[in-house]
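Each chain, letter by letter, is given below.
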Amino acid sequence: MSTPVYRRVLLKISGEGLMGDADYGIDPAVSRRLAREIREVRETGVELALVIGGGNIFRGAGLAAAGMDRVTADHMGMLATVMNALALQDALEHEGVFTRVMSAIKINQVCEDYIRRRAVRHLEKGRVVIFAAGTGNPFFTTDSAASLRAVEVDADIMLKATKVDGVYSADPVHDRDAHRYRRLTFDEVLDRKLSVMDATAIVLCRDHGLPIQVFDMTRPGALMDLVLGGDVGTVVERG
């Protein structure tokens, strides 16, 4: 099968996914590999938007737990996502992919302000769009931002990139009996308190009928397999 099953997707990547084997920051080798895989998917005709976390640089909730004002900490986390977005934009442009970074907070000397209609137009023109700075509001995670942007741009699916190949009944690193779910409903995720995304993100997807697919981005070719309809990771959808 070589024809994509999706027209437009939103890919959520954690900030930690850019670290590689390091403890902090951005591993250029990882960003280059991601850029290559994104380019290959874009070449199939799929319109692709991204949301990147900032946990490899600053995590607002962690700073707040250490005593910092939560609003200040979250604003720092938003700026970290802008840094990651610019780094991935650079990697994508080195691969010849036209890319736009759009920020939910005003920082228009380095990237565009987020305007929904402009974002959709970029996607229609074949550009990869990276949404930065979360929702622009404190107390909301980048998971919630990814759900919101996916709904706003009318994505067919939200892809959640992780370091494991789906959603498990328990931590597969510590529990050998943990099993991978192939399909779940939104309500099952909420009722079982499974670590897919935060509850706000799950409810937003559920209420708008937006499926989520969780997969292992560290496996080369997994993203392409997914957009071509392969049995990859775990799908979360309406029952």
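Residues numbered from 1 in each chain as written. Predicted model: local features only at pLDDT ≥ 70, side-chain atom pairs only at ≥ 80, totals over all residues. Heavy atoms only, no water.

Turning to the pairing of strand S1 (residues 8-13), a few remarks are in order. Counting buried positions along S1 gives six out of six residues, so the element sits mostly inside the fold. Neither face of S1 is open: one carries Arg 8, Leu 10 and Lys 12, the other Val 9, Leu 11 and Ile 13, and all of them are buried. Bridge count for S1 against strand S2 (residues 47-52) is six bridges, and the pairing is parallel. Across the sheet, residue Leu 10 finds its bridge partner in S2, namely Ala 49. In the classification by handedness, the crossover that spans S1, the intervening helix H1 (residues 28-42) and the parallel S2 is right-handed. (Buried < 20%, exposed > 50% of the residue type's maximum accessible area, 1.4 Å probe, protein only. Helix = DSSP H or I, 4+ residues; strand = E, 2+ residues; numbered from the N terminus. Pairing = 2+ DSSP bridges. Right-handed = clockwise from strand over helix to strand, strands pointing away.)

This next bit is on helix H5 (residues 142-152). Across the 11 residues that make up H5, a large majority, eight, are buried. Where H5 is concerned, the buried positions are Thr 142, Asp 143, Ser 144, Ala 145, Ala 146, Ser 147, Arg 149 and Ala 150. With a side-chain oxygen lying 3.3 Å from the backbone nitrogen of Asp 143, the N-terminal cap of H5 falls on Thr 141. (Polar contact = N/O pair within 3.5 Å; in protein donor to acceptor, adjacent residues only side chain to side chain.)

Moving on, we get to the nonpolar core. In terms of nonpolar packing, the biggest core is built from 38 residues, with Leu 11, Ile 38, Leu 50, Leu 88, Ile 130, Leu 159 and Phe 215 touching the most fellow members. Contributions of two or more residues to this core are made by S1, H1, S2, helix H3 (70-94), strand S5 (128-132), strand S6 (157-162) and helix H8 (222-227). At six residues, the largest contribution of residues to this core is made by H3. Among the nonpolar cores identified, the runner-up in size contains 30 residues, and Ala 146, Ala 155, Phe 186 and Leu 194 belong to it. (Core = buried A, V, L, I, M, F, W, Y, C linked by side-chain atoms within 4.5 Å.)

Between H5 and helix H7 (residues 199-208), the shortest axis-to-axis distance is 8 Å and the interhelical angle comes to 20 degrees. Our classification of the angle between H5 and H7 gives roughly parallel. Our pair here, H5 against H7, has a crossing hand that is left-handed. Across from Asp 143, Ser 144, Ser 147, Leu 148 and Val 151 in H5, the residues of H7 making contact are Thr 200, Ala 201, Leu 204, Cys 205 and His 208. A breakdown of the residues in the contact of H5 with H7 according to their chemical character gives five nonpolar, four polar and one charged. (Axes fitted to C-alpha atoms, helices over the stretch in contact; angles between N-to-C directions. Parallel < 35°, antiparallel > 145°, perpendicular 65-115°, else oblique. Left-handed = near helix turned anticlockwise from the far one by under 90°. Contact = heavy atoms within 4.5 Å. Nonpolar A, V, L, I, M, F, W, Y, C, P; charged D, E, K, R; others polar.)

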